[in-house]
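Reading the structure
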Amino acid sequence: MFLLSSSYNAQYKMKSCSNFYNPSLALMNPNYWIDEFLPKVDSDLILMIQGDSFLCHHLDPEKWRDVAFVGGVWPRVHVHPEIKMCGYMPAKWRSWTHKQRMWESQQQGSLERINMQNKPPVNRPTKLQNMTFPPICTGGRAPVGNGGLSLRSRKWMVEAITNCPHTLYSGMNTSDMINLACLVHNAENEDVYFSIVLAGLQAPLPMAFEAALFSAEMLFSAEVTSFYGELSMEDKERYVQQRWGEDGVSLYKHMQGNDYTVPIGMHKPWWYHSDEVLQKEEMLQHCKFLKYMYQPKDSSYFVNV
């Protein structure tokens, strides 16, 4: 997926091959989503699948084209490292949109106070953002989504970056960023960055249960509904039909006698789930590739509990 020549290192602000770590920061540059794809040939919707991710059963991309981004659901408290996501995400949006908040304070008659603090007036941002971060941990919604196995709209990736760029990794000129309402200065994993910015931009994101039908990393669907809101079986089957299709409804019903609903795919579940869970007969039956991805002796589960 990534080309690591010296020119790419410079273009995407990555370390050189000699001290190279993670190329994911290139995803925070709008040029990646444009230049690395063929116009009118490549799809807007792309599947990101890292080396420790795999598909368990059929994925129909057409059933996900209405979302900007979908990946596995995070718990209320992210365990690696420990972050309270329900508060962390809106707090970050508030921090990143500080410039617009300062400008709005001026418009509300606080300019004199700002001048008394010897701070220059803030220019009106070129594009104002919605300052109300949507509720993400109530009403069936959740912090979505893990990037290791994800579907993303290239259009929305560019929209996120150009509206709220990282000052280093976006590759944008300082002159193009100076009057933006939203700027990111701190280090942030790219999937967390996109999850926050897309939610802040009111992008079309899936409900928690829908995301759990797509992928699991830390949480399977039963855990997701337990944390973020139970659904009736009628509602669950409606979401399953929308995302898995008619055949998927039959598969879903067949899984209901098991402890876990196996999603379309997973990303390194052995970090967060025990061998007892992942080696269950029904789990291996519905996810044929799982046994090829890891062996019980390779599990990292004990590190994270």
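Preceding this section is the structure that the text describes.
Below or above, wherever it landed, is the structure these notes cover. Remember, it's a predicted structure, so these values are computed and weren't measured experimentally.

**Some remarks on helix 3 (residues 85–96)**
- Relative to the 16 Å expected for 12 residues at 1.5 Å per residue, helix 3 spans 16 Å between its end C-alpha atoms, a close match to the ideal helical length.
- Regarding helix 3, the residues found buried are M85, M89, K92, W93 and W96. In a view along the axis of helix 3, the buried residues occupy a sector of 100°, so they form one face of it.

**Overview of the packing of aromatic side chains**
- For the coordinates displayed, the defined rule picks out 15 aromatic pairs.
- For the ring pair W93 and F133, a centre distance of 6.4 Å and an interplane angle of 45° mean the geometry is tilted. With a gap of 40 residues between them, W93 in helix 3 and F133 in the loop between helix 4 (98–116) and strand 6 (149–153) connect regions that are remote in the sequence. Each member of the pair, W93 together with F133, is buried.
- Measuring from ring centre to ring centre gives 6.3 Å for W244 and Y252, while their planes differ by 75°; the resulting arrangement is edge-to-face. Here the two residues W244 and Y252 agree in accessibility, since each one is buried.
- An aromatic cluster of at least three residues, connected via ring pairs, comprises Y32, W33, F37, W96, Y193 and F194.
- Geometry around W64 places R243 over its ring, the cationic atom sitting 4.7 Å from the centre.
- Against the face of W271 rests K268, its NZ or CZ located 4.7 Å from the ring centre.

**Observations concerning the packing of helix 5 (residues 154–163) against helix 7 (residues 190–200)**
- Running from N to C, helix 5 and helix 7 cross one another at 85°; their axes reach a closest spacing of 10 Å. The angle between helix 5 and helix 7 falls in the class roughly perpendicular. On helix 7, the residues that touch W156, M157, A160 and I161 of helix 5 are Y193, F194, V197 and L198.
- When grouped by side-chain class, the residues that make up the contact of helix 5 with helix 7 number eight nonpolar, no polar and no charged.

**Concerning the state of the cysteines**
- Tallied over the full model, the rule gives three disulfides.
- A disulfide bridge connects C56 with C287, and the sulfur atoms are separated by 2.1 Å. Between C56 and C287, the S-S torsion sits near -60°, and that sign places the bridge as left-handed. Placement of the pair is C56 in the loop between strand 2 (53–55) and strand 3 (69–70) and C287 in the loop between helix 12 (281–286) and helix 13 (290–293), with a sequence separation of 231 residues.
- Taking relative accessible area as the criterion, C287 reaches 0% and is therefore assigned buried.
- The disulfide that involves C164 links it to C182, with 1.9 Å between the sulfurs. Handedness of the C164-C182 disulfide follows from its S-S torsion of about -45°: it is left-handed. One end of the pair, C164, is in the loop between helix 5 and helix 6 (174–177); the other, C182, is in the loop between helix 6 and helix 7, and 18 residues separate them in sequence.
- Cysteine pairing for the chain (bonded cysteines numbered in sequence order): 1-6, 2-3, 4-5.

What counts, and at which threshold
Residues numbered from 1 in each chain as written. Predicted model: local features only at pLDDT ≥ 70, side-chain atom pairs only at ≥ 80, totals over all residues. Heavy atoms only, no water. Helix = DSSP H or I, 4+ residues; strand = E, 2+ residues; numbered from the N terminus. Expected span 1.5 Å × (residues − 1). Buried < 20%, exposed > 50% of the residue type's maximum accessible area, 1.4 Å probe, protein only. Arc of directions from axis to C-beta. Phe/Tyr/Trp six-rings, centres within 6.5 Å; stacked < 30°, edge-to-face > 60°. Lys NZ or Arg CZ within 6 Å of the ring centre and 35° of its normal. Axes fitted to C-alpha atoms, helices over the stretch in contact; angles between N-to-C directions. Parallel < 35°, antiparallel > 145°, perpendicular 65-115°, else oblique. Contact = heavy atoms within 4.5 Å. Nonpolar A, V, L, I, M, F, W, Y, C, P; charged D, E, K, R; others polar. Disulfide = S-S within 2.5 Å.

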